[in-house]
Amino acid sequence: MLPRIADSLSFLYLDMVRVVQDDTGVCAQIRVDEQRTDTVYIPTAALSCLLLGPGVSITTRAMATLARHGTSVVMTGAAGVRTYASVLPDSLTTTWLERQVHAYSDTDRRLAVAVHMYNMRFGDVPAGVSLDVLRGMEGQRMKALYRLLAQQHGIGRFRRNYHPDQWHAQDPVNLALSAANTCLYGIVHAALLALGCSPALGFVHAGKQHAFVYDIADLYKAEVTLPLAFALHSAANPEQDARRKLRESLRLIQLLPRIVRDVQALLAPDAADTADTDSACTDRHTVDMVHLWDPTAGPLPAGVNYAREPS
């Protein structure tokens with residue numbers, strides 16, 4: 001039995017290695033010099049997300065093992081910043097995807113989920129408040145948090161900047177924040193894929209293949225990545241330090257179980273206990289049997305010949 005996504009390790013970032021499958025398992029091969037190649041084995045069955053940076057090559061056998069174990073594979077830019085593509089196993093259950101589509105396809109239900117997300121960020125929202133007002137409230141909250149963290153660390157005024165074309169010209173806080181946020185996106189992406197949700201169907205964000213990832217990640221930035229980034233304001237290598245310290249802190253705050261619970265609560269708000277609802281969907285096992293849809297009879301078994309005998 002593979003570990004549940006909520007209980008698994010968070011993420012692993014690889015750069016300048018070759019990932020292969022041997023007789024023991026999936027491993028990363030690091031070329032040290034002409035005579036030496038080090039090998040590090042990757043705990044694929046217990047790993048939620050593998051971030052592959054520039055200079056990584058991976059074999060088909062290794063990819064097949066990662067997919068079989070339900071490990072999300074995300075291709076990123078340098079230092080784990082910017083997500084370019086990801087791999088989704090084709091044998092996941094669609095229970096939570098169907099609930100997501102059900103909430104997404106109706107304007108009122110989509111609005112209710114969006115408001116619920118804002119509620120999770122800054123407490124109870126007054127009834128009838130529009131999304132425009134909520135966006136303004138969120139903007140003010142983030143500005144206030146920037147000021148507070150800047151004062152705590154004595155770095156003066158802070159302005160959030162993200163310029164991939166001028167990456168190394170940015171200050172350490174922005175570098176650390178971008179690196180930490182991308183790792184957070186990878187973790188959220190892995191959790192959504194493990195549940196079988198679509199990363200593209202967002203409720204606050206829209207128009208990108210990672211819209212729902214951004215929705216869920218925004219629930220945790222104020223608690224997880226922002227304080228970490230400001231604490232690295234004088235770091236010599238803020239991107240690398242951000243990834244390492246984030247991985248350490250995730251064990252303490254148990255973020256993956258929270259992501260699973262929060263996504264389930266958003267998509268199934270009427271469930272008595274969303275932590276236990278369809279608990280099989282949070283496990284890393286697959287569904288072997290596909291069903292047929294019928295608007296009247298409901299799900300019907302596949303693999304059955306439904307041809308009617310001539311009368």
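Every value quoted in this text rests on a predicted model; they were computed, and no experiment measured them. (Residues numbered from 1 in each chain as written. Predicted model: local features only at pLDDT ≥ 70, side-chain atom pairs only at ≥ 80, totals over all residues. Heavy atoms only, no water.)

### Focus: the overall build of the protein chain
Thought 1: Looking only at helices and strands, the protein chain features nine helices and ten strands.
Thought 2: Taken across its 311 residues, the protein chain has 43% of its residues classed as buried.
Thought 3: Counting every atom, the protein chain has about 16,600 Å² of accessible surface; 52% of that belongs to carbon and sulfur. (Helix = DSSP H or I, 4+ residues; strand = E, 2+ residues; numbered from the N terminus. Buried < 20%, exposed > 50% of the residue type's maximum accessible area, 1.4 Å probe, protein only. Areas by Shrake-Rupley, 256 points an atom, 1.4 Å probe, with all protein chains shown as cover.)

### Points about helix H3 (residues 107–122)
Thought 1: Its 16 residues place the ends of H3 23 Å apart at the C-alpha level, agreeing with the 22 Å of an ideal helix rising 1.5 Å per residue.
Thought 2: Residues of H3 that are buried: Val-113, Ala-114, Met-117, Tyr-118 and Arg-121. Viewed along the axis of H3, the buried residues span an arc of 140 degrees, placing them on a single side of the element.
Thought 3: Contacts made by the buried residues of H3 are with helix H2 (95–104), helix H4 (131–153), helix H6 (211–217) and helix H9 (255–267).
Thought 4: Where H3 begins, the capping side chain belongs to Asp-106, and its oxygen is found 3.1 Å from the backbone nitrogen of Asp-108.
Thought 5: Once H3 ends, the next one or two residues include Gly-123, with phi positive near 85 degrees. (Expected span 1.5 Å × (residues − 1). Arc of directions from axis to C-beta. Contact = heavy atoms within 4.5 Å. Polar contact = N/O pair within 3.5 Å; in protein donor to acceptor, adjacent residues only side chain to side chain.)

### Things to note about the nonpolar core
Thought 1: Within the largest apolar cluster, 55 residues are counted, with the highest numbers of intra-cluster contacts made by Phe-212, Ile-216, Ile-259 and Val-263.
Thought 2: Every residue in contact with Val-263, bar those within four places of it in the chain, is listed here: Leu-192, Leu-195, Cys-197, Phe-212 and Ile-216. (Core = buried A, V, L, I, M, F, W, Y, C linked by side-chain atoms within 4.5 Å.)

### Comments concerning the sheet that holds strand S3 (residues 26–33)
Thought 1: As summarised here, the arrangement of the four strands in space is S4-S3-S2-S6, forming an open sheet in which the pairing is mixed. Looking at which strands have only one partner, the edges of the open sheet turn out to be strand S4 (36–41) and strand S6 (57–58).
Thought 2: Where S3 meets S4, six bridges bridge the pair, whose relative direction is antiparallel. Counted as the bridge partner of Gln-29 is Thr-39 from S4.
Thought 3: Packing against the sheet, helix H1 (residues 60–68) makes contact with strand S2 (18–21), S3 and S6, and its axis sits at approximately 75 degrees to S2. (Pairing = 2+ DSSP bridges. Axes fitted to C-alpha atoms, helices over the stretch in contact; angles between N-to-C directions.)

### Regarding the pairing of S2
Thought 1: The sheet contact formed by S2 and S3 spans four bridges and is antiparallel. Bridging across to S3, Arg-18 finds its partner in Gln-29.
Thought 2: Where S2 folds back onto S3 in an antiparallel hairpin, the turn is made up of four residues.

### A few points about the confidence of the model for the protein chain
Thought 1: Residue-level pLDDT values for the protein chain average 82, and 83% of them are 70 or greater.
Thought 2: With pLDDT under 50 throughout, residues 272–287 is counted as low confidence; its partners more than four residues away or in other chains account for 40 contacts. (pLDDT = per-residue confidence, 0-100.)

### Some words on the packing of aromatic side chains
Thought 1: On inspection of all chains with the given rule, the structure shows five aromatic pairs.
Thought 2: On the numbers, 6.2 Å between centres and 80 degrees between planes, the contact of Tyr-104 with Phe-203 is edge-to-face. Here Phe-203 lies in the loop between helix H5 (172–195) and H6 and Tyr-104 lies in helix H2, a separation of 99 residues in the sequence.
Thought 3: Overall, the relative accessible area of 28% leaves Tyr-104 in the partly exposed class.
Thought 4: Look at Phe-158 and Phe-230: their rings are 4.8 Å apart centre to centre, the planes differ by 65 degrees, and that puts the pair in the edge-to-face class. One end of the pair, Phe-158, is in the loop between H4 and H5; the other, Phe-230, is in helix H7 (residues 225–231), with 72 residues separating them in the sequence.
Thought 5: Residue class for Phe-230 comes out buried when judged on its relative accessible area of 0%.
Thought 6: The ring of Trp-96 has Arg-99 lying over it, and the distance from NZ or CZ to the ring centre is 4.6 Å. (Phe/Tyr/Trp six-rings, centres within 6.5 Å; stacked < 30°, edge-to-face > 60°. Lys NZ or Arg CZ within 6 Å of the ring centre and 35° of its normal.)

### Observations regarding the pattern of salt bridges
Thought 1: Taken as a whole and judged by the stated rule, the model has seven salt bridges.
Thought 2: Linking Arg-121 and Glu-138 is a salt bridge whose minimum nitrogen-to-oxygen distance equals 3.0 Å. Remark: Glu-138 occurs in helix H4 and Arg-121 occurs in helix H3; sequence separation between them is 17 residues. Glu-138 matches Arg-121 in its accessibility class, with the two residues each being buried.
Thought 3: A salt bridge links Asp-132 to Arg-135, with the shortest nitrogen-to-oxygen separation between them at 3.8 Å. You can see Asp-132 and its partner Arg-135 sitting in helix H4, three residues apart, about one turn around the helix.
Thought 4: Note on Asp-132: relative accessible area 54%, which makes it exposed.
Thought 5: In this structure Arg-135 comes out as partly exposed when scored by relative accessible area, which is 47%. (Salt bridge = Lys/Arg side-chain N within 4 Å of Asp/Glu carboxyl O.)

### Observations regarding the packing of H3 against H9
Thought 1: Running from N to C, H3 and H9 point in directions that differ by 140 degrees, and their axes come no closer than 9 Å. The angle between H3 and H9 falls in the class oblique. The crossing of H3 and H9 is right-handed. For the pair formed by H3 and H9, the contact residues are Val-113, His-116, Met-117 and Met-120 on the first element and Asp-262, Ala-265 and Leu-266 on the second. (Parallel < 35°, antiparallel > 145°, perpendicular 65-115°, else oblique. Left-handed = near helix turned anticlockwise from the far one by under 90°.)

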